[in-house]
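Each chain, written out:
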Amino acid sequence: MEYGSIEREIYVDAPPEVAFEVVSSPEHISEWWSDDAEIDPTPGAVGELIWGDRAEVAQIKVVDAQPPRLFSFRWCHADGKVDDSADSLLVTFELTPSGSGTRIRLTETGFREMGWEAAKLEELYNEHSTGWDTFVPRLGEYLARLVATP
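Here the structure is a predicted model, which means the values were calculated and not measured. (Residues numbered from 1 in each chain as written. Predicted model: local features only at pLDDT ≥ 70, side-chain atom pairs only at ≥ 80, totals over all residues. Heavy atoms only, no water.)

Participant: It is not clear to me how the side chain of threonine 102 should be interpreted in this structure. Could you clarify?
Facilitator: Examined against the element boundaries, threonine 102 turns out to sit in strand β7 (residues 101–109). A distance of 2.6 Å separates a polar side-chain atom of threonine 102 from the backbone oxygen of alanine 14. Not counting the four nearest positions on each side in its chain, threonine 102 is found in contact with Ile10, Tyr11, Val12, Ala14, Pro15, Pro16, Ala19, Leu95 and Thr96. (Helix = DSSP H or I, 4+ residues; strand = E, 2+ residues; numbered from the N terminus. Polar contact = N/O pair within 3.5 Å; in protein donor to acceptor, adjacent residues only side chain to side chain. Contact = heavy atoms within 4.5 Å.)

Participant: What's the story with helix α1 (residues 16–24) in this structure? I'm lost.
Facilitator: In an α-helix, one full turn covers 3.6 residues, which means residues spaced three or four apart are oriented alike. For α1, every residue scored as buried is listed here: Pro16, Ala19, Phe20, Val22, Val23 and Ser24. Buried residues in α1 make contact with α2 (26–32), β4 (56–66), β5 (70–75), β6 (89–98), β7 and α3 (118–148). (Buried < 20%, exposed > 50% of the residue type's maximum accessible area, 1.4 Å probe, protein only.)

Participant: Would you mind going over the packing of aromatic side chains with me for this structure?
Facilitator: Counted under the stated rule, the structure contains twelve aromatic pairs. Here phenylalanine 93 and tryptophan 132 contribute two aromatic rings whose centre-to-centre distance is 6.4 Å and whose plane-to-plane angle is 85°, an arrangement assigned as edge-to-face. Of this pair, phenylalanine 93 sits in strand β6 while tryptophan 132 is found in helix α3, placing the two residues 39 residues apart along the sequence. The pair formed by phenylalanine 93 and tryptophan 132 is uniform in burial state, with each residue classed as buried. Cluster of aromatic residues (ring-pair linked, three or more members): Phe20, Trp32, Trp33, Trp51, Phe71, Phe73, Trp75, Phe93 and Trp132. (Phe/Tyr/Trp six-rings, centres within 6.5 Å; stacked < 30°, edge-to-face > 60°.)

Participant: What is the right way to look at the nonpolar core in this model?
Facilitator: As a rule of thumb, nonpolar side chains are buried together in soluble globular proteins. Of all hydrophobic cores here, the largest spans 42 residues; its most connected members are Trp32, Trp33, Leu49, Trp75, Phe93 and Trp132. The element best represented in this core is α3, accounting for nine residues. Dropping the residues within four chain positions of it, tryptophan 33 is found in contact with Leu49, Trp51, Phe73, Trp75, Trp132, Phe135 and Arg138. (Core = buried A, V, L, I, M, F, W, Y, C linked by side-chain atoms within 4.5 Å.)

Participant: Sorry if this is basic, but what is going on with the packing of α1 against α3 here?
Facilitator: Packed helices, taken two at a time, are described by the angle between their axes plus the distance between the axes. At a minimum axis distance of 11 Å, the contact between α1 and α3 shows a crossing angle of 125°. In terms of their interaxial angle, α1 and α3 are classed as oblique. Of the two elements, α1 crosses α3, and the hand of that crossing is right-handed. Of the residues in α3, those touching α1 at Val18, Ala19, Val22 and Val23 are Leu139, Tyr142, Leu143, Leu146 and Val147. (Axes fitted to C-alpha atoms, helices over the stretch in contact; angles between N-to-C directions. Parallel < 35°, antiparallel > 145°, perpendicular 65-115°, else oblique. Left-handed = near helix turned anticlockwise from the far one by under 90°.)

Participant: Sorry if this is basic, but what is going on with the pairing of strand β3 (residues 46–51) here?
Facilitator: A regular strand places its side chains so that they alternate between the two faces of the sheet. The buried count for β3 comes to five of six residues, which makes it a mostly enclosed element. As defined by bridge partners, strand β2 (residues 36–38) adjoins β3 across three bridges and the pair is classed as antiparallel. Bridge pairing in β3 links glutamate 38 to glutamate 48. Sheet analysis places β3 next to β4, joined by six bridges and oriented antiparallel. Directly across from glutamate 48, in β4, lies its bridge partner glutamine 59. The turn joining β3 and β4, which pair antiparallel and follow one another in sequence, is formed by four residues; a positive phi near 65° is taken by glycine 52. (Pairing = 2+ DSSP bridges.)

Participant: Help me out: how do you make sense of the environment of tyrosine 142 in this one?
Facilitator: In this fold, tyrosine 142 is placed in helix α3. On a C-alpha basis, the gap between tyrosine 142 and valine 12 in space is 9.8 Å, while along the polypeptide they are 130 residues apart. Excluding anything up to four places from it in sequence, tyrosine 142 contacts Val22, His28, Glu31 and Trp32.

Participant: Sorry if this is basic, but what is going on with unusual backbone geometry here?
Facilitator: Peptide bonds are trans in most cases, and residues, glycine excluded, mostly fall at negative phi. Look at the link from proline 67 to proline 68: it is a cis peptide, with omega at 0°. Look at tyrosine 3: it is not a glycine, yet its phi comes out positive at around 55°. With respect to the element layout, tyrosine 3 can be found in the segment before β1 (5–12). Residue classification places tyrosine 3 among the buried residues on the basis of a relative accessible area of 13%. For arginine 54, which is not a glycine, the phi torsion comes out positive at approximately 65°. Tracing the sequence through the fold places arginine 54 in the loop between β3 and β4.

Right under this line is the structure:
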């Protein structure tokens, strides 16, 4: 296995503008992914994804935000430092209008570039892959509930 990138795709019956808000706004991210989030969806902004009572905190840095079609950020920074020169993983949400809804394509890259030894690379790649297998469907379910609410 190459462990180069993780890709997931889902169709949601919601317009791209709504899907963009759900993948980029803290109040929505905390409904389908983390327990809490502090994010300003502006390129260069630094924020956090928080699980539990700050039991786990992931620093993120927004790379690109082009409403309503693209949102990307870097996380899992080497040594936990949010630094442009440090290795990190890149998560990208591409939002494409499709029929009456939106096709959301998630890509996470940078695993090989982290410099992890083989066992750690495999472990973290599999952990993230399993995570997206859980959270991408939750994203779809949350969007469905959101647009169904009058």
